[in-house]
Amino acid sequence: MARALMIQGAGSDVGKSLIVAGLARAARRRGLRVLPFKPQNMSNNAAVTVDGGEIGRAQALQALAAGVEPHTDMNPVLLKPETDVGAQVIVQGKRIATARAREYASLKPSLMGAVLESFGRLKERADLVLVEGAGSPAEVNLRKSDIANMGFARKADVPVVLIGDIDRGGVIAQLVGIKTVIDAEDAAMIQGFVINKFRGDPTLFDDGYRLIEARTSWRGFGVLPYFTRATELPAEDALGLGEARKPGQCKIAFLALSRIANFDDLDPLKLEPGVDLVMVRPGEAVPGDARLVIIPGSKSTRGDLAFLRAQGWDIDLLAHHRRGGHVLGVCGGYQMLGGSVADPEGIEGPAGQTAGLALLDVTTVMTGEKTLALVTAQHVATRQPIAAYEIHIGRTDGPDRARPFAMLDGAPEGAISRDGRVYGSYLHGLFASDDFRSSFLRQLDIPVTDQQYRGRVESALDALADHIEAHLDVEGLLALAR
């Protein structure tokens with residue numbers, strides 16, 4: 001049976017996911033078979049697994065760092081928000097319910113069995129399981145039914161290291177405060193801490209570091225400087241896509257929908273030297289000089305159609321198209337481009353039908369059956385292969401399907417408008433296929449290089465592991481696992 005170590009955070013977005021990925025790569029270099037695990041994740045950025053389910057995208061990246069294929073056991077509970085108060089509940093890769101927040105709180109205790117079952121299977125297949133927490137153990141109001149942090153650590157007897165984010169400020173209060181508010185048995189599970197995202201001279205924090213050790217009795221495992229190549233890795237927060245803009249290059253704009261999903265489709269574009277990837281935030285106009293506008297996936301297609309119209313983006317898109325611009329809709333974005341989206345059974349929200357943008361002559365009807373598959377297609381225009389995945393509900397059909405975006409197992413996939421400037425497809429991850437991405441961008445007169453996206457990600461993971469090895473006591477951290 002494998003040993004295990006859990007990385008928890010003093011808050012959300014403190015860098016847990018990347019530290020787990022970096023430790024996974026570092027442990028793999030030591031000849032260990034490493035598997036990542038996150039009991040519960042909340043994200044609309046999902047990956048399709050080899051066993052036909054879905055998990056959070058961060059666990060798929062951690063699996064890549066560990067050199068293994070993603071599996072549903074790596075993230076047994078995934079919550080995909082559909083509204084401000086409700087989310088789709090995915091257990092071991094399959095949707096079991098859509099629950100409001102209060103309903104989910106009562107459902108959580110029954111999910112611990114599935115969490116421990118998945119964790120047990122991973123331990124049978126690994127030398128080391130690296131576990132990522134969610135949110136913070138300081139949320140003591142949620143402790144009674146917790147399956148993501150100390151609830152799991154105690155049940156599975158996994159030692160914990162806490163990550164504090166100094167970039168936000170208040171890191172001393174974060175860590176010392178957690179020791180103060182959690183109960184003594186939970187605090188006993190915590191074996192140490194790491195200070196993350198430091199900028200400048202780390203010796204300036206020596207006194208603060210010693211104070212945390214003295215007040216908590218936890219061991220410090222190091223101060224990790226800000227990792228500048230983090231923007232080259234897929235992020236769980238779409239805001240990360242706007243961090244590496246290259247003004248003056250060819251503009252590709254994408255709409256920051258309220259329920260944006262699987263936005264890592266755009267990561268390869270962000271890394272193209274000739275592309276200025278522009279996030280159009282709520283209240284902003286679509287840039288008039290964009291070569292291409294992308295409507296990404298959505299967890300609530302009809303809800304985001306209303307959101308899109310509330311921003312005036314429907315008017316912007318029509319103007320962009322009239323000027324000769326190109327539009328690509330992926331998954332939910334593809335559905336929005338059609339004449340209507342009907343949800344007669346109320347699968348994504350209240351039952352009904354919503355008018356689409358009518359840039360493609362297709363219509364969509366939502367169905368209860370969900371498509372989850374890893375696929376290889378061929379782009380019709382460029383004849384280039386596309387290694388992708390499908391993760392959607394709904395069936396789309398209409399006259400523009402006679403001009404497919406791609407061919408999939410001999411059948412047409414997606415649609416193209418009569419004028420050839422509006423494209424729709426259910427293929428997620430399409431831009432990670434280097435030959436297709438280069439050919440597609442060249443058709444839009446966007447300069448490209450021959451870079452390999454997967455190679456760039458692998459290089460960044462190696463650099464992350466080097467970064468962690470240089471600044472943290474990795475041997476000491478791995479020795480904690482039991």
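To be clear, the structure that these remarks concern was listed above.
Procedures and definitions
Residues numbered from 1 in each chain as written. Predicted model: local features only at pLDDT ≥ 70, side-chain atom pairs only at ≥ 80, totals over all residues. Heavy atoms only, no water. Pairing = 2+ DSSP bridges. Helix = DSSP H or I, 4+ residues; strand = E, 2+ residues; numbered from the N terminus. Axes fitted to C-alpha atoms, helices over the stretch in contact; angles between N-to-C directions. Contact = heavy atoms within 4.5 Å. Expected span 1.5 Å × (residues − 1). Buried < 20%, exposed > 50% of the residue type's maximum accessible area, 1.4 Å probe, protein only. Parallel < 35°, antiparallel > 145°, perpendicular 65-115°, else oblique. Nonpolar A, V, L, I, M, F, W, Y, C, P; charged D, E, K, R; others polar. 1 Å grid on protein atoms, 1.4 Å probe; cavity = no way out; pocket = protein on both sides within 12 Å on 5 of 7 lines; lining within 4 Å. Points joined across faces, edges and corners; volume = space filled by probe spheres on them. Phe/Tyr/Trp six-rings, centres within 6.5 Å; stacked < 30°, edge-to-face > 60°. Salt bridge = Lys/Arg side-chain N within 4 Å of Asp/Glu carboxyl O.

Q: It is not clear to me how the sheet that holds strand β11 (residues 190–198) should be interpreted in this structure. Could you clarify?
A: One open sheet accounts for 6 strands, arranged β2-β9-β1-β10-β11-β12; its pairing is parallel. Two strands lie at the open edges of the sheet, namely β2 (34–37) and β12 (219–225), each paired on one side alone. Taken pair by pair, the neighbouring strands of this sheet meet at an average axis angle of 20°, ignoring direction. Docked against the sheet, helix α4 (residues 112–124) engages β1 (3–9), β2 and β9 (128–132), running at close to 170° with respect to β2. Across the sheet, helix α6 (residues 171–181) touches β10 (160–165) and β11, and the angle it forms with β10 is around 150°.

Q: Is there a simple way to explain helix α1 (residues 16–29) in this structure?
A: Structural remark: α-helix, 3.6 residues per turn; residues separated by three or four positions point the same way. The terminal C-alpha atoms of α1, which comprises 14 residues, lie 20 Å apart, in line with the 20 Å expected from a rise of 1.5 Å per residue. Across the 14 residues of α1, 11 count as buried, placing the element largely inside the fold. All buried positions along α1 are accounted for by Lys16, Ser17, Ile19, Val20, Ala21, Gly22, Leu23, Ala24, Arg25, Ala26 and Ala27. Trailing α1 by a residue or two, Gly31 shows a phi angle of about 85°, which is positive.

Q: What should I look at first to understand the packing of α1 against helix α14 (residues 453–471) in this one?
A: Describing two packed helices takes the angle between their axes plus the distance from one axis to the other. One way to put it is that α1 packs onto α14 with a least axis distance of 8 Å and a crossing angle of 85°. Considered as vectors, α1 and α14 are oriented roughly perpendicular to each other. Residues Leu18, Ile19, Ala21, Gly22, Leu23, Arg25, Ala26 and Arg29 of α1 lie in contact with α14, whose contacting residues are Glu458, Leu461, Asp462, Leu464, Ala465, Asp466, Ile468 and Glu469. Residue composition of the contact of α1 with α14, grouped by class: 9 nonpolar, 1 polar and 6 charged.

Q: Where do I start with the layout of surface pockets in this structure?
A: By rolling a water-sized probe across the atoms, one finds the places where empty space is left. Reported here for the second largest pocket is a volume of approximately 860 Å³. In this structure, the second largest pocket is lined by 32 residues; those nearest its centre are Arg57, Leu64, Tyr389, Ala432 and Arg454. Elements that contribute at least two residues to the lining of the second largest pocket include exactly β4 (46–48), α2 (57–66), α9 (267–270), β22 (385–397) and α14. Sort the elements by how many residues they give to the lining of the second largest pocket and α2 lands first, with 5 residues. Looking at the lining of the second largest pocket residue by residue, the class counts come to 20 nonpolar, 4 polar and 8 charged.

Q: Teacher, can you tell me more about the packing of aromatic side chains here?
A: The description of two aromatic rings rests on the distance between their centres and on the angle between their planes. Summed over the entire model, instances satisfying the criterion amount to 13 aromatic pairs. Geometrically, the ring pair formed by Tyr334 and Tyr426 is edge-to-face, given 5.0 Å between the ring centres and 70° between the ring planes. Of this pair, Tyr334 sits in helix α12 (residues 332–337) while Tyr426 sits in the loop between β26 (422–425) and α13 (434–443), placing them 92 residues apart in sequence. The burial state of Tyr334 is the same as that of Tyr426; both residues are buried. Among the aromatic residues, those joined into a cluster by ring pairs are Phe405, Tyr423, Phe431, Phe436 and Phe440.

Q: Explain the pattern of salt bridges here, please?
A: It is possible for side chains of opposite charge to pair when their charged atoms get near one another. Inspection of every chain in the model, using the stated rule, returns 36 salt bridges. Of the charged contacts, one joins Glu458 and Arg25 as a salt bridge, the two residues approaching to 2.7 Å between their closest N and O atoms. Pair noted here: Glu458 is in helix α14 and Arg25 is in helix α1, with a separation of 433 residues, a long-range link. Classification of Glu458 by relative accessible area gives partly exposed; the value is 23%. Where Arg437 meets Asp434, a salt bridge forms, and the shortest distance between an N and an O atom there is 3.1 Å. Placement of both Arg437 and Asp434 in helix α13 is noted, with a separation of 3 residues, approximately one turn of the helix. Because the salt bridges share partners, they merge into one network encompassing Arg25, Arg29, Arg454, Glu458, Asp462 and Asp466.

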